Amino acid sequence: MEPIGFIESCFRDKFGTPRQPGLVKNAWARLKIRADLQPEEALQGLEGFSHVWLIWVFHQNKVARYHAKVHPPRMGGKSIGLFATRTPHRPNPIGLSLVEIVKVEKDGIIVSGADLVDGTPILDIKPYLPEVESIPDARTGWTSEVIKDPIQVEFSEKALDLLAQWQQRNPDKPLRAIIEDTLKLDPRPVVYRGYEGTDTAPYRNKHAVRLFDGDIHFEFETPTQVRVLDILFTHN
Ligand SMILES: C[S@@+](CC[C@H](N)C(=O)[O-])C[C@H]1O[C@@H](n2cnc3c(N)ncnc32)[C@H](O)[C@@H]1O
């Protein structure tokens, strides 16, 4: 299979990319389709749909060894069979994401809510058909047992100043909402959690996610409170 194109996404690294689509509603992504596939023709009619499935490749997977059981971050350390999860580490590393169409362009689409890293190869797009694909009373296995306290996001004075400057350079992007929704998902791997506000953490307590051309530096002060400390962005 050959990718039909590559995604341009606000999420520059795996770290910080949401674990499912729709969790960061304003997440921005654009798919440009290969010219030889005649995108203008191939996309005709898609503007009538609000959502599409993206089928794609976990091209940044590093771990090659097969594990039949995996540790989803939301299970806090417990393991479960890989086919009962959406782990990137699968026999065929294929991803599936339901995203909202923002705009159908001549040579591609702009979508919101994607959980894909910048540069991800896309294999296919298919329209979402709610009359057959929406099953409101479906059983949801172990995921229905996961309860999480809501996380509050605060900004330091410095971060607020920098956010205002960064926003001026990107007037069409809801940067604050994207930062808040990204951090509310607690992007930290499980091993980093539980040491908030202590000096005894075996790993660092400060982290950064890359969004667009910015680095968002943050620290969890408690398990449910995160503070944005600094924002570094490219000054032209
Ligand atoms: C749990 S997977 C779910 C993906 C998709 N919704 C699915 O169910 O197949 C989402 C995670 O995959 C990782 N990811 C996103 N794009 C990737 C890529 N191109 N290569 C490897 N990992 C990626 C990010 O860390 C993201 O949080």
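Structure: above.
Given the structure is predicted, the values throughout are model-derived calculations rather than measurements.

A. Here's a closer look at the packing of helix α3 (residues 157-169) against helix α4 (residues 175-184). The N-to-C vectors of α3 and α4 enclose an angle of 130°; their axes lie 10 Å apart at closest approach. With respect to α4, the axis of α3 lies oblique. From α3, L160, L163, W166 and Q167 reach across to α4, where they touch L175, R176 and I179. Classifying every residue of the contact of α3 with α4 by side-chain character gives five nonpolar, one polar and one charged.

B. Focus on the packing of aromatic side chains. According to the stated counting rule, one finds six aromatic pairs in the structure shown. Relative to F218, the ring of F15 lies with its centre 6.4 Å away and its plane at 10°, an arrangement referred to as stacked. Placement of F15 in the loop between β1 (5-9) and β2 (28-33) and of F218 in strand β11 (residues 214-222) is noted, with a sequence separation of 203 residues between them. For F218, a relative accessible area of 0% translates into the label buried. For the pair W28 and F212, a centre-to-centre distance of 6.2 Å together with 50° between the ring planes defines the contact as tilted. Within this pair, whereas W28 is found in strand β2, its partner F212 is found in the loop between β10 (206-211) and β11, the two being separated by 184 residues in sequence. Each member of the pair, W28 as well as F212, is classed as buried. Following the ring pairs from residue to residue traces out a cluster consisting of F15, F218 and F220. Above the face of the F220 ring, R188 is positioned so that its terminal group lies 3.9 Å from the ring centre.

Here is what the cut-offs are and how they apply
Residues numbered from 1 in each chain as written. Predicted model: local features only at pLDDT ≥ 70, side-chain atom pairs only at ≥ 80, totals over all residues. Heavy atoms only, no water. Axes fitted to C-alpha atoms, helices over the stretch in contact; angles between N-to-C directions. Helix = DSSP H or I, 4+ residues; strand = E, 2+ residues; numbered from the N terminus. Parallel < 35°, antiparallel > 145°, perpendicular 65-115°, else oblique. Contact = heavy atoms within 4.5 Å. Nonpolar A, V, L, I, M, F, W, Y, C, P; charged D, E, K, R; others polar. Phe/Tyr/Trp six-rings, centres within 6.5 Å; stacked < 30°, edge-to-face > 60°. Buried < 20%, exposed > 50% of the residue type's maximum accessible area, 1.4 Å probe, protein only. Lys NZ or Arg CZ within 6 Å of the ring centre and 35° of its normal.

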